[in-house]
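Survey of secondary and tertiary structure
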Amino acid sequence: MAFLFAQFLTGLANAAALFLVASGLSLIFGVTRIVNFAHGSFYMLGAFIGVTLMEVLPGHLGFWGAIVLTGLAVGLIGALVEVVVLRRIYRAPELFQLVATFGVILVIQDLALMIWGAEDRLGPRAPGLRGVWRIFGEPVPKYDIVLIAITPFILLALWYLITRTRLGILVRAATQDREMVGALGVNQAWLFTGVFALGSALAGWGGALQLPTGGADLLMDFNIIGAVFVVVVIGGMGSLPGAFVASVLISVLNVFGVTYLPQSTLVLMFVVMALVLIVRPYGLLGREEVAGEHGQVGAPETPIRPYGPLGVALTAALLALLAALPAFADTFLMVLVIDIVVFALFAASLHFILGTGGLVSFGHAAFFGGGAYAAALLVFHTQTPMELAFLFAPLAAGLLALGIGWFCIRLSGVYFAMLTLAFSQLVWSLAFQWRSVTRGDDGLINIWPADWLNATVPYYYFTLALGVGGILTLRHVIHSPFGYALRAGRDSPRQAEAMGIDVKRVQLVAFALAGAMAGLAGGLFVFSKGSVFPTELEIAKSFDALIVVFLGGVKTLAGGVVGASFMTSVEHWLTRLEYWRLLLGLVIIAVVILMPEGIVGTLHRLWQRWRPASEDTAR
Amino acid sequence: MLEVSAIHSFYGKAHILDGLSFSVARGEVVALLGRNGAGKSTTMKSVMQLVPPRAGSVSFEGRELVGLPAYRTAKAGLGYVPEDRRIFSDLTVLENLEVGRQPPREGAPHWTVAQLFELFPNLAERRHNRGKHMSGGEQQMLSIARTLMGNPALLLLDEPSEGIAPVIVEQMARSILTLKAEGLTVLISEQNLHFARAVADRAIILESGQKKFDGSFALLEKQPEIRDAYLSV
């Protein structure tokens with residue numbers, strides 16, 4: 001019993017940092033509607049800046065002073081990011097900003113590597129709080145007790161700020177209707193900057209406060225971001241008390257999980273999140289998101305049309321070029337094109353459900369990796385012929401998508417995104433931890449295609465045929481009555497229902513189709529590489545696809561394909577350099593700022609300006 | 001005080017205001033009349049720079065507003081009360097008023113919460129209620145009071161009588177006359193001719209984003225063909 005209580009206290013202490021980071025994210029999302037992936041980076045910066053300051057400043061005052069200063073410093077950095085990057089793209093399509101924040105992650109990662117080096121830093125002990133106190137005979141670190149004592153005051157201070165001060169009132173008003181706040185004479189630009197700075201400062205404080213128990217390393221950003229999103233979603237987007245309750249819940253569960261069910265740790269919080277969202281779709285203390293409550297930003301959807309003669313001619317020319325490629329290209333270039341086609345199909349499948357269906361999935365890698373694993377497992381365990389195993393890739397992924405979709409489709413917006421993320425984490429942890437079947441992170445190897453395909457040129461044509469075929473199929477579906485129904489459900493679910501469209505059913509079928517196409521890409525992938533590892537199921541893989549869809553242009557048809565080609569090529573060249581993350585991050589941020597409608601969308605606009613009377617062919 | 005000259009405003013590609021010009025003098029109450037879709041609300045939003053005109057000029061006390069963000073327009077002394085009220089529904093009455101609060105302004109009446117509660121007694125009783133728990137009429141009063149907290153010199157009132165119980169409309173008319181007596185300049189858009197005549201000194205009639213009439217109500221009385229052609233009475 002005493003041991004259990006001590007464990008509980010550890011969980012409570014861990015909740016402090018988590019709550020700080022999560023409340024910052026929640027605040028930023030509530031006002032700016034930005035899903036800030038870079039929030040974990042501010043937490044990491046807090047840890048590194050905190051360590052550095054604590055080395056410089058001595059004693060009690062130094063330790064606590066360093067923590068306070070760290071928050072202020074990270075808040076300043078956050079304000080800088082907001083002013084330089086995000087302020088320029090508030091009017092871009094919703095969720096476009098997350099691409100920019102992804103660029104920020106990459107930049108901060110490499111800057112941290114440059115400044116602090118690759119070695120992990122151990123956090124200093126808090127002066128005067130080095131030992132343990134005995135509670136019911138169990139040792140509990142003194143610093144843990146202090147953290148537990150501080151947390152309610154942080155909650156109280158934040159609650160006071162939000163409910164009792166003018167700034168808090170303005171923040172809540174802007175959460176509901178930014179434009180009206182502006183019309184009443186409040187400069188929203190600075191309000192947004194202020195909120196972003198405050199949210200970042202909270203993340204920085206979280207990073208600094210956990211130093212004595214944790215430390216600082218370069219993986220902190222990605223390690224915490226999953227947990228932070230989970231906390232914010234479980235608590236309810238924008239609810240501070242919700243974030244507090246959820247932080248405690250997740251931290252305590254984690255401590256017990258580590259002790260009693262070690263193999264559960266990777267997935268426990270995602271299971272909890274899935275359960276909460278299925279029972280309470282808007283989190284424990286969240287409110288239902290009312291459509292249009294926050295005011296639509298950006299231009300409305302423009303209708304999409306099939307290509308005109310010029311578009312068809314250009315596409316045909318490109319395909320002819322690709323078909324003729326083996327005649328003059330070397331293996332290296334063909335492998336690059338195979339990679340591009342596989343990624344383009346994967347991105348096109350996400351683009352289909354995201355752009356046409358309006359459903360932002362954060363877990364699309366589950367179907368790409370799921371397809372790859374389905375085929376690989378059959379070959380690995382039962383020596384199934386490649387042709388048959390390959391068919392299973394889209395089939396299994398489609399079925400998986402049907403199952404996951406059945407749970408997720410009842411939610412919408414960010415909550416839908418988070419539930420897909422939770423399920424993809426489940427699939428990932430299955431591949432990672434069910435070692436007897438999947439061999440864990442050793443991966444499945446020796447998954448080669450059948451003899452007639454087992455060379456670069458035949459496999460090149462195989463990939464080209466199926467990849468392009470898959471992309472064309474998706475395009476065809478978009479222009480079919482089913483595609484119209486899907487778009488109707490996206491733009492106006494109520495009207496669509498009133499016209500007799502079963503919106504949820506259409507969305508579910510579309511989700512399954514997108515999953516199957518991602519699985520097809522996964523099948524092509526696994527036989528081209530000869531192996532598959534759990535990394536293909538990771539969050540990072542899902543994010544890669546999201547990034548290229550937004551980069552390419554979510555409101556255009558070719559966005560996914562163009563974005564994937566652009567990204568694969570750029571990555572290919574940049575990864576040879578030492579600080580490639582920094583460069584890639586800067587490239588992403590530059591594209592986001594210069595082309596707020598994505599590459600295709602912006603090119604299309606330029607084209608129309610150049611030839612205003614021309615046919616709508618450039619998309 | 002307000003000089004609007006030859007503005008053209010668009011929603012996307014839809015051309016809403018077509019070279020509209022008019023002016024409002026200090027201390028005047030002017031009514032913008034016209035049917036649904038005539039461009040009344042767009043005129044309000046274009047003056048406020050919420051829908052910035054693509055051509056033409058809006059000058060306020062000699063200062064050009066086109067090109068300014070809406071918050072600067074508000075700071076210049078314009079107060080905007082939107083047609084759909086846009087109350088912050090999760091905020092209480094007092095909090096809604098706080099959002100609108102701006103420092104006192106020279107040449108414009110200065111409002112305090114207490115004075116506004118005198119002007120709209122219903123709000124005083126509901127000061128701790130959330131916006132979403134109030135009736136349409138109360139929300140309209142709150143929206144006006146919230147804008148007055150910014151101490152505007154010119155008030156833009158977009159269809160204040162729309163969707164409100166008749167007894168409240170009368171109360172609203174009295175409140176607007178009080179505002180006029182305080183020295184406030186008001187531009188009000190209306191479909192309710194009776195209401196407009198009760199509060200305004202002058203009428204401007206819009207149709208398809210163009211001005212069709214500009215003059216006193218007495219003059220309008222003498223030209224029933226204009227009333228019949230452009231107002232649905």
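Residues numbered from 1 in each chain as written. Chains lettered and ligands numbered in written order. Predicted model: local features only at pLDDT ≥ 70, side-chain atom pairs only at ≥ 80, totals over all residues. Heavy atoms only, no water.

According to its UniProt record, chain B has this under Sequence similarities (unreviewed entry): "Belongs to the ABC transporter superfamily." (UniProt positions renumbered as here; feature names shortened; annotations may be inferred.)

Recorded under Subcellular location (unreviewed entry), the UniProt text for chain A is reproduced unchanged: "Cell membrane". UniProt lists a comment for chain A under the heading Sequence similarities (unreviewed entry), and it reads "Belongs to the binding-protein-dependent transport system permease family. LivHM subfamily."

Within chain A, the regular secondary structure consists of 25 helices and six strands. Along the longest, intermediate and shortest principal axes, the C-alpha atoms of chain A span 75 × 60 × 50 Å. Out of the 619 residues belonging to chain A, those deemed buried represent 57%. Residue pairs at least 24 apart in sequence account for 79% of intrachain contacts in chain A once pairs closer than 6 positions are excluded. On chain A, roughly 25200 Å² of surface is accessible, and the fraction owed to carbon and sulfur atoms is 69%. On chain A, the mean spot of the 34 positive side-chain charges and the mean spot of the 33 negative ones are 8 Å from each other. (Helix = DSSP H or I, 4+ residues; strand = E, 2+ residues; numbered from the N terminus. Buried < 20%, exposed > 50% of the residue type's maximum accessible area, 1.4 Å probe, protein only. Contact = heavy atoms within 4.5 Å. Areas by Shrake-Rupley, 256 points an atom, 1.4 Å probe, with all protein chains shown as cover. Lys, Arg positive; Asp, Glu negative; His and termini not counted. Charge placed at Lys NZ, Arg CZ, Asp CG, Glu CD.)

A few words on helix α3 (residues 93–100) of chain B. Among the eight residues in α3 of chain B, seven count as buried, and that is most of the element. Of the residues making up α3 of chain B, those classed as buried are V93, E95, N96, L97, E98, V99 and G100 of chain B.

On to the pairing of strand β1 (residues 2–11) of chain B. Moving residue by residue along a regular strand, the side chains alternate between the two faces of the sheet. Residue and element names in this part refer to chain B. With five bridges joining them, β1 and strand β4 (residues 55–60) adopt antiparallel strand pairing. Paired with S5 across the two strands is S57, which belongs to β4. Across eight bridges, β1 lies against strand β2 (residues 14–24) in antiparallel orientation. Pairing of S9 across the sheet is with L17, part of β2. The turn joining β1 and β2, which pair antiparallel and follow one another in sequence, is formed by two residues; a positive phi near 60 degrees is taken by G12. (Pairing = 2+ DSSP bridges.)

The next thing to look at is the nonpolar core. Residues F362, F527 and I588 of chain A together with L2 of chain B are the most contacted members of the largest nonpolar core, which totals 244 residues. Per-element tally for this core: the top contributor is helix α13 (residues 331–356) of chain A, with 15 residues. Residue-level mapping places this core at the junction of two domains, with at least three residues from each of domain 1 (2–218) and domain 2 (309–610) of chain A. F527 of chain A has contacts with A375, V379, M386, A389, F390, I447, W448, P449 and Y459 of chain A, leaving out every residue within four places of it along the chain. (Core = buried A, V, L, I, M, F, W, Y, C linked by side-chain atoms within 4.5 Å. Domains from an automatic or database assignment.)

Another point: the packing of aromatic side chains. This model, assessed by the stated rule, comprises 28 aromatic pairs over all chains. Each ring, one from F48 of chain A and one from W116 of chain A, has its centre 5.0 Å from the other, and the planes form 15 degrees; the classification is stacked. Placement of the pair is F48 of chain A in helix α2 (residues 39–56) and W116 of chain A in helix α4 (residues 97–116), with a sequence separation of 68 residues. When sorted by exposure, F48 of chain A lands in the same class as W116 of chain A, which is buried. Here the aromatic rings of Y460 of chain A and Y461 of chain A are separated by 5.6 Å at their centres, their planes lie at 75 degrees, and the arrangement is edge-to-face. Looking at Y461 of chain A, the relative accessible area reads 37%, which means it is partly exposed. Above the face of the F10 of chain B ring, R54 of chain B is positioned so that its terminal group lies 4.2 Å from the ring centre. (Phe/Tyr/Trp six-rings, centres within 6.5 Å; stacked < 30°, edge-to-face > 60°. Lys NZ or Arg CZ within 6 Å of the ring centre and 35° of its normal.)

Let's shift gears to the confidence of the model for chain A. Residues and elements named next belong to chain A. Looking at chain A as a whole, its pLDDT mean stands at 87, while 96% of the residues score no less than 70. Counting interchain partners and residues more than four positions distant, the pLDDT-below-50 stretch residues 291–298 has 11 contacts. Overall, residues 614–619 carries pLDDT values under 50, and its contacts beyond four positions in sequence, including any with other chains, amount to 23 contacts. (pLDDT = per-residue confidence, 0-100.)

In this section: the interface of chain A and chain B. Contact with chain A, which involves 18 residues of that partner, is made by 21 residues of chain B. Buried surface at the junction of chain A and chain B, summed over both partners, amounts to about 1900 Å²; 55% is from carbon and sulfur atoms. In terms of surface lost to chain B, no three residues of chain A exceed R166, M180 and L184 of chain A, which account for 31% of the buried area on that side. Taken together, chain A and chain B are joined by four salt bridges. The partner of R166 of chain A in a salt bridge is E98 of chain B, with the nearest N and O atoms 2.9 Å apart. Here chain A and chain B share 12 residue pairs in polar contact (both at pLDDT 80 or more) between them. Elements with a minimum of two residues in the side of chain A that touches chain B: α6 (166–176) and α7 (178–183) of chain A. (Buried area = accessible area lost by both parts, 1.4 Å probe. Salt bridge = Lys/Arg side-chain N within 4 Å of Asp/Glu carboxyl O. Polar contact = N/O pair within 3.5 Å; in protein donor to acceptor, adjacent residues only side chain to side chain.)

Okay, the side chain of S41 of chain B next. Residue position: S41 of chain B is located in helix α1 (residues 40–48). Not counting residues within four places of it along the chain, the set of residues in contact with S41 of chain B comprises E83 and D158 of chain B.

When two helices pack together, their arrangement is given by the angle between their axes and by how far apart the axes lie. Residues and elements named next belong to chain A. Where α2 meets α4, the closest approach of the two axes is 10 Å, and the angle between their N-to-C directions is 15 degrees. Considering their axes alone, α2 and α4 lie roughly parallel with respect to each other. The chirality of how α2 crosses α4 is left-handed. For the pair formed by α2 and α4, the contact residues are S41, F42, M44, L45, F48, I49 and T52 on the first element and I105, I108, Q109, A112 and W116 on the second. Here the residues of the contact of α2 with α4 sort into nine nonpolar, three polar and no charged. (Axes fitted to C-alpha atoms, helices over the stretch in contact; angles between N-to-C directions. Parallel < 35°, antiparallel > 145°, perpendicular 65-115°, else oblique. Left-handed = near helix turned anticlockwise from the far one by under 90°. Nonpolar A, V, L, I, M, F, W, Y, C, P; charged D, E, K, R; others polar.)

Residues and elements named next belong to chain B. Within the fold, V24 resides in strand β2. On the accessibility criterion, V24 (2% relative accessible area) is buried. Taking C-alpha positions, V24 is 28 Å from P166, a pair spaced 142 residues apart along the chain.

Once that is clear, we can look at the sheet that holds β4 of chain B. Residues and elements named next belong to chain B. Across the sheet, four strands lie side by side as β2-β1-β4-β5; this open sheet has antiparallel pairing. A strand with exactly one partner marks an edge of an open sheet, and here the two such strands are β2 and β5 (63–64). Across the face of the sheet, α1 comes into contact with β1, β2 and β4 while running at roughly 110 degrees to β1.

Moving on: the packing of helix α10 (residues 240–260) of chain A against helix α11 (residues 268–279) of chain A. All names here are of chain A. Running from amino to carboxyl end, α10 crosses α11 at an angle of 135 degrees, the nearest separation of the two axes being 10 Å. Classified by the angle their axes make, α10 and α11 are oblique. Regarding α10 and α11, the two cross each other, and that crossing is right-handed. Side by side, α10 and α11 meet where L249, I250, L253, N254 and G257 of the first sit next to L268, M269 and V272 of the second. Classifying every residue of the contact of α10 with α11 gives six nonpolar, two polar and no charged.

Residues and elements named next belong to chain A. You can see A6 is positioned in helix α1 (residues 2–32). Residue class for A6 comes out buried when judged on its relative accessible area of 9%. Separated by 306 residues in sequence, A6 and V312 have C-alpha atoms that sit 68 Å apart.

To continue, consider the domain arrangement of chain A. Note on interface size: it is often stated as the accessible area lost on association of the parts. All names here are of chain A. What the domain assignment lists for chain A is domain 1 (2–218) and domain 2 (309–610). For domain 1 and domain 2, the distance between their C-alpha centroids amounts to 34 Å. With 25 residues of domain 1 at the contact, the number on the domain 2 side is 24 residues. Three residues stand out in domain 1 for area buried against domain 2, namely F96, V99 and D110, and they jointly supply 25% of the buried area on that side. On the surface where domain 1 and domain 2 come into contact, there are one salt bridge. A salt bridge links D110 to R581; its shortest N-O distance comes to 3.7 Å. Considering every element that reaches the side of domain 1 that touches domain 2, the biggest residue donor is α4, with 13 residues. Of the residues assigned to the side of domain 1 that touches domain 2, the class counts are 20 nonpolar, two polar and three charged.

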